[in-house]
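Structural overview
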Amino acid sequence: MRVQPERFVLSENPVKMLILVSGNGSNLQALIDAEKQGVFEGAGTITGVLSDRPCAYGLERARLAGIPVYIELPAKSGTEPSLSDRILDLAVKNHVGLIILAGFLSLLRGDLIKVYAGKIINLHPSLLPKFGGKGMMGEAVHQAVLAAGETESGCTVHLVDSGIDTGTILIQRKVPVLPSDSSRSLADRIHHAEHIAIVEAAVMMIRR
Ligand code: GRF
């Protein structure tokens, strides 16, 4: 797909948000709850939830909230349009102004990153630039934090660029790492911080 950014209005009022999820979607739920509670003050609205996994529980959360859902699987061959191109197509058609990766496992690339530069944010469960990059996902992040003997960890919301976890940092929230922590208990503590950070970042982006 060839899209000229200047030909599309990506900043409408309210800003339309598309949330990308691959799993449980507890951060999606935090965003859904925030909108219901008026945290976005009418300046932003979740207009779609997309998953690259048909069984992602996040899709169920969206359905329960009456939000349209989309399932787009990663391309199986080079002849199919890429997942990123299909997301771009959907986002542009629906006048999406902000794309939020809330536990989305596929990597975004190509025109999507260019057209939506500065309008895609990702949530990562560590204090980037520490414990980011290839392979640093889920449990692996927390195990690496514990193995390194860190005394604090946390989460980061950052802009998405063409690298992995390399975009401009928008928000970080810290949590302590306790001597008794397992990767599970640390993950749980970070999850609570994430639910606050992702909403803060959404508010920051829609007010820009
Ligand atoms: C979060 O820990 C986030 O940092 C990572 O994926 C996880 C998603 O959790 N990118 P949930 O599906 O929102 O519960």
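Below is a summary of the structure that appears in this document. (Residues numbered from 1 in each chain as written. Predicted model: local features only at pLDDT ≥ 70, side-chain atom pairs only at ≥ 80, totals over all residues. Heavy atoms only, no water.)

1. Side note on helix 2 (residues 57–64)
Cut-off, in case you're wondering: Relative accessible area decides the class of each residue, using a 1.4 Å probe on protein chains only: under 20% of the type maximum gives buried, over 50% gives exposed, and in between gives partly exposed. Counting from the N terminus, the helices are DSSP H or I runs at least four residues long and the strands are E runs at least two residues long. Summarising the geometry, the arc corresponds to the directions from the helix axis toward the C-beta atoms. In this description, contact between two residues means that some pair of their heavy atoms is separated by no more than 4.5 Å.
Looking only at helix 2, the buried set comprises Gly-58, Leu-59, Arg-61 and Ala-62. End-on view of helix 2: buried residues confined to an arc of 160°, all on one side of the axis. The inward-facing, buried residues of helix 2 abut strand 1 (15–21), helix 1 (26–36), strand 2 (44–51) and strand 3 (69–71). A positive backbone phi angle near 75° is found at Gly-66, which sits one or two residues after helix 2.

2. Here we look at the packing of helix 1 against helix 2
This is how the line gets drawn: Axis lines are fitted through C-alpha atoms, for helices just across the contact stretch, and the angle between N-to-C directions can take any value from 0 to 180 degrees. Here the angle decides the label: under 35 degrees means roughly parallel, over 145 means roughly antiparallel, 65 to 115 means roughly perpendicular, and every other value means oblique. Crossing handedness is read from the near helix: turned anticlockwise from the far helix by less than a right angle, it gives a left-handed crossing, and turned clockwise, a right-handed one. Note that Gly is not counted as nonpolar here; it falls among the polar residues with everything else outside the nonpolar set of Ala, Val, Leu, Ile, Met, Phe, Trp, Tyr, Cys and Pro and the charged set of Asp, Glu, Lys and Arg.
The N-to-C vectors of helix 1 and helix 2 enclose an angle of 15°; their axes lie 9 Å apart at closest approach. Of the possible angle classes, the one that applies to helix 1 and helix 2 is roughly parallel. Here the hand of the crossing between helix 1 and helix 2 comes out right-handed. Along its contact with helix 1, which presents Ser-26, Leu-28, Gln-29 and Ile-32, the element helix 2 presents Gly-58, Arg-61 and Ala-62. When its residues are assigned to classes, the contact of helix 1 with helix 2 shows three nonpolar, three polar and one charged.

3. With respect to the side chain of Ser-126
Note the following rule: Residues adjacent in sequence count toward polar contacts only when both atoms are side-chain atoms; beyond that, a polar contact is any pair of N or O atoms within 3.5 Å, and within protein one must be able to donate a hydrogen and the other to accept it.
When you line up the elements, Ser-126 lands in the loop between strand 5 (120–124) and helix 5 (139–147). At 2.7 Å, the side chain of Ser-126 forms a polar contact with the backbone oxygen of Lys-130. Engagement of the side chain of Ser-126 in a polar contact is seen with the backbone oxygen of Phe-131, the distance being 3.2 Å.

4. Describing the site of the ligand
Here is the rule: The cutoff for a nearby residue is simple: one of its non-hydrogen atoms must lie within 4 Å of the molecule or strand. Reported accessibility uses the Shrake-Rupley method at a 1.4 Å probe radius. Residues are deemed covered only where the shown protein chains occlude them.
Asn-24, Gly-25, Ser-26, Asn-27, Gly-103, Leu-123, His-124, Pro-125, His-191 and Glu-194 make up every residue found near the ligand. Measuring from an oxygen atom of the ligand, one finds a side-chain N or O atom of Asn-27 at 2.8 Å. Contacts to the ligand include Pro-125, whose backbone N or O atom sits 3.4 Å from an oxygen atom. Protein burial of the ligand: of its 370 Å² of free accessible surface, 82% is covered by the chains. Those elements giving two or more residues to the shell around the ligand turn out to be helix 1, strand 5 and helix 6 (183–206).

Everything listed here is a matter of geometry and, on its own, says nothing about what the molecule does.
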